[in-house]
Amino acid sequence: MTKLLLMMTLLCSQVAFASLTSPFPSTVEGIDIPNTHALSGNIIRGMAPLGKMGQLVDYGITDILIFKNQTRTEIDQEYSELKEVLADTSIETYQYDFYWHDYPSYKVACEQTIDALRVMRAVNEDNNRKLFYHCTVGEDRTGFLSGLWRMLSQNWSKKKAFYKEMCENGYANGNPNKPDYVVGEIREDLTPLFLYMSDKIESGKLKLSNLTKSICKDKIPLKVKIMYCRSSSKI
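Along each chain, the written sequence defines residue order, and numbers are assigned to residues from 1. Only residues with pLDDT of 70 or above have their local features reported here, since the model is predicted, and side-chain atom pairs are shown and tallied only from 80 upward, although totals for entire chains, interfaces and linings are computed over all residues. Side-chain metrics in this entry use all non-hydrogen atoms of the structure; hydrogen atoms and water are not considered.

> Describe the sheet that holds strand β2 (residues 43–46), and please don't skip the residues or the numbers.
At least two DSSP bridges between two strands are required for those strands to pair. In DSSP terms, a helix is any run of H or I states spanning at least four residues, a strand is any run of E spanning at least two, and both are numbered starting from the N terminus. Strand order in the open sheet formed by five strands is β1-β2-β5-β3-β4, with mixed pairing between adjacent strands. The outermost strands of the open sheet, each flanked by one partner alone, are β1 (37–38) and β4 (92–96). Contact criterion: two residues are considered in contact whenever any of their non-hydrogen atoms come within 4.5 Å of each other. Every axis in this analysis is a line fitted to C-alpha atoms, fitted for helices over the stretch in contact. Angles between the N-to-C directions lie between 0 and 180 degrees. Sheet strands touched by helix α3 (residues 74–86): β3 (63–67), β4 and β5 (131–134). Its angle to β3, the strand with the most contacts, is close to 170°.

> Tell me about the state of the cysteines, and name the residues and values.
In this description, the term disulfide denotes a pair of cysteine sulfurs within 2.5 Å. Under the criterion given, the structure shown has two disulfides. In this model C110 forms its disulfide with C216; the gap between the sulfur atoms is 2.1 Å. The S-S bond linking C110 to C216 shows a torsion near -70°; that makes this disulfide left-handed. Note that C110 is positioned in helix α4 (residues 106–124) and C216 in the segment after α7 (180–202), a separation of 106 residues in sequence. A residue is classified by how much of its surface remains accessible, and C110, at 1% relative accessible area, is buried. The side chain of C167 participates in a disulfide bridge whose partner is C229; the two sulfur atoms lie 2.0 Å from each other. The sign of the S-S torsion, about -75°, decides the handedness of the disulfide formed by C167 and C229: left-handed. Here C167, found in the loop between α6 (158–166) and α7, pairs with C229, found in the segment after α7; they are 62 residues apart in sequence, far enough to count as distant. Any residue under 20% of the maximum accessible area for its type is buried, any over 50% is exposed, and the rest in between are partly exposed; the area is computed with a 1.4 Å probe on protein chains only.

> Could you give me a rundown of unusual backbone geometry, with the residues and numbers involved?
A positive phi angle, near 60°, is found at N35, a position not held by glycine. For N35, the position within the fold is in the loop between α1 (2–18) and β1. Judged by relative accessible area, which is 0%, N35 ranks as buried.

Set out below in structure tokens:
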């Protein structure tokens, strides 16, 4: 009975959190998709743009990177909405089945991250392209990718990337409204992957010019303590 009650509580929490919109407003003029921020002139992060795909087209987005697995039909819906608003405009889309926890293996998750970073690098090097990338709420998986990108492309330190880019835009308990069990899963799975890959960047083994998958291992031995977010000052 206690186990059943716990399962029901977790299910209710999942449903409630899935229906939430990120509390972080967009800082990109012309786009009101929550938690939308520009990392550079043509690299933009945000929440899933469902119902607002036309804003991305109007803004001149040429590439969309979906950094998440499909849990219901949300990715199919995004493709459907995109097809409806495109008209004579073409947008290149990429999608990686990246989980926010319980990875098939750290090797798979790491390799998917490298693939996504390669897409970001290609767009960043072309002034005629603009990328919008997202997960579901645009906080955890999107924040994870953003932190690594800041380090690779703008020489941010691991600490600065984690606290200023990730936590300040809702990563883990950077969003104080996030359920504790979600924060716990993020700390156990996603944060260790960030720390592992950020260590590779700081050691020079992973560079923007050499986004190699050779660093990806099934197990990731950590030599540092897990970092913890504080609630964002933006809320």
